[in-house]
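What follows is each chain in one-letter form.
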Amino acid sequence: MWRRVISLSSLISSSKSTLSNQAAVRLKVWESLTTEAKGGIASWVKTPFITFVLGGPGSGKGTQCEKIVETFGFTHLSAGDLLRREIASNSKDGTMILKTIIEGKIVPSEVTVKLIKREMESSDNVKFLIDGFPRSEENRVSFEQIIGAEPNIVLYFDCPEKEMIERVLSRNQGRVDDNINTIKKRLEVFEALSLPVINYYSNKGKLHKINAVGTVDEIFEQVHPIFDMCKSLFVGQLVCDSE
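Described in the following lines is the structure provided in the data block. Everything numeric in this text was worked out from a predicted model, so none of it was measured. (Residues numbered from 1 in each chain as written. Predicted model: local features only at pLDDT ≥ 70, side-chain atom pairs only at ≥ 80, totals over all residues. Heavy atoms only, no water.)

1. Points about the packing of aromatic side chains
Stage number 1. Under the defined criterion, the tally for this structure stands at 7 aromatic pairs.
Stage number 2. Measuring from ring centre to ring centre gives 6.0 Å for F49 and F74, while their planes differ by 75 degrees; the resulting arrangement is edge-to-face. Linking F49 in strand β2 (residues 49-55) with F74 in the loop between α2 (61-72) and β3 (75-78), this pair joins segments that are 25 residues apart in sequence.
Stage number 3. Classification of F49 by relative accessible area gives buried; the value is 1%.
Stage number 4. Among the aromatic residues, those joined into a ring-pair cluster are F52, F133, F143, Y200 and Y201.
Stage number 5. Directly above the aromatic system of Y200 lies the positively charged group of R140, at a separation of 3.6 Å from the ring centroid. (Phe/Tyr/Trp six-rings, centres within 6.5 Å; stacked < 30°, edge-to-face > 60°. Helix = DSSP H or I, 4+ residues; strand = E, 2+ residues; numbered from the N terminus. Buried < 20%, exposed > 50% of the residue type's maximum accessible area, 1.4 Å probe, protein only. Lys NZ or Arg CZ within 6 Å of the ring centre and 35° of its normal.)

2. Overview of the packing of helix α3 (residues 79-88) against helix α5 (residues 109-122)
Stage number 1. Where α3 meets α5, the closest approach of the two axes is 10 Å, and the angle between their N-to-C directions is 100 degrees. With respect to each other, α3 and α5 are oriented roughly perpendicular. Residue-level contacts link A79, L82, L83, R85 and E86 of α3 to T112, L115, I116, R118 and E119 of α5.
Stage number 2. Within the contact of α3 with α5, the residues separate by chemical class into 5 nonpolar, 1 polar and 4 charged. (Axes fitted to C-alpha atoms, helices over the stretch in contact; angles between N-to-C directions. Parallel < 35°, antiparallel > 145°, perpendicular 65-115°, else oblique. Contact = heavy atoms within 4.5 Å. Nonpolar A, V, L, I, M, F, W, Y, C, P; charged D, E, K, R; others polar.)

3. Quick word on the nonpolar core
Stage number 1. Ranked by size, the top nonpolar core spans 29 residues in total, and within it I116, I130 and F143 carry the most contacts.
Stage number 2. Take this core: its biggest share by element is 5 residues, from α5.
Stage number 3. Dropping the residues within four chain positions of it, I130 is found in contact with I50, T51, F52, V53, L77, I116, M120 and F143.
Stage number 4. Counting residues in each nonpolar core, the second largest holds 24 residues, with F74, M164, V223 and I226 among its members. (Core = buried A, V, L, I, M, F, W, Y, C linked by side-chain atoms within 4.5 Å.)

4. A word on the sheet that holds strand β5 (residues 153-158)
Stage number 1. Pairing is parallel in the open sheet, where 5 strands are placed in the order β3-β4-β2-β5-β6. Here the strands that pair on one side only, and so sit at the sheet edges, are β3 and β6 (207-211). Neighbouring strand axes in the sheet, compared pairwise and without regard to direction, differ in orientation by 20 degrees on average.
Stage number 2. Where β2 and β5 come together, 5 bridges link them in parallel fashion. By the bridge assignment for β5, T51 is matched with I153. (Pairing = 2+ DSSP bridges.)

5. Observations regarding the pattern of salt bridges
Stage number 1. Overall, the coordinates contain 12 salt bridges when judged by the stated rule.
Stage number 2. For K67, the salt bridge is made with D217, and the minimal N-O distance between the two is 3.4 Å. Of the two residues, K67 is situated in helix α2 and D217 in helix α9 (residues 216-228); the sequence distance between them amounts to 150 residues.
Stage number 3. Notably, a salt bridge pairs R140 with E144, separated by 3.4 Å at the nearest N-O pair. Residue R140 and its partner E144 are both found in helix α6 (residues 137-147); the two are separated by 4 residues, about one turn of the helix. (Salt bridge = Lys/Arg side-chain N within 4 Å of Asp/Glu carboxyl O.)

6. Observations regarding helix α8 (residues 180-203)
Given 3.6 residues per helical turn, the α-helix brings residues three or four places apart onto the same face.
Stage number 1. For α8, spanning 24 residues, the distance from its first C-alpha to its last is 34 Å, which sits close to the expected 34 Å at 1.5 Å a residue.
Stage number 2. Among the residues making up α8, those that are buried are T182, I183, R186, L187, F190, S194, V197, I198 and Y201.
Stage number 3. The inward-facing, buried residues of α8 contact β2, α4 (92-102), α6, β5, α7 (161-171) and β6.
Stage number 4. Looking one or two places after α8, you find G205, whose phi comes out positive at around 80 degrees. (Expected span 1.5 Å × (residues − 1).)

This is the structure we're talking about:
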């Protein structure tokens, strides 16, 4: 079972998007150690390596996540996909989520974090791309409190509004939120609520701003070096297990 582990040291990274600046980034090994008050035997516990992937609807987050998964072996957790899956389950939470999305509002933080946590706990992987979350400061605080960890890396895909609208309308996925009015509402909400999150992680030195205009491969050329430098951080930790 996946165990929550709190980071004891931050990952030092750059908010610059150029390859030359990324190459100069100095990283610290992200070390986390938990101990049990009761006696037990030592065992290996997986420490999650977490990447937040932020950007407006149509900014290309999902496509780039696919390439990161293929290249670096991450597990992709799309907050939007998890919410839509819950909607399809016809649960009480699903009904509430659907109404909230149609209104262009943010789903309650604890609901989304609960879905993310469930997926992380059931995974055999330690490397997670959390796509489209957190979208607000409340989201961010809830994640860190419930999961018990901060992200190691935060990617922000910066894309002009006109480009994002055209991309969403052209993808024709049959989603309830793929219409012009809802898209505009989502963009307004993203700009109002996500900017503080982006600024927060930029100030902590964890944000990598990606120019999300260009071909898929051109954009991935900005992303690849970031994860290439972090391979040594994909590790587990030795802890005392009393179970």
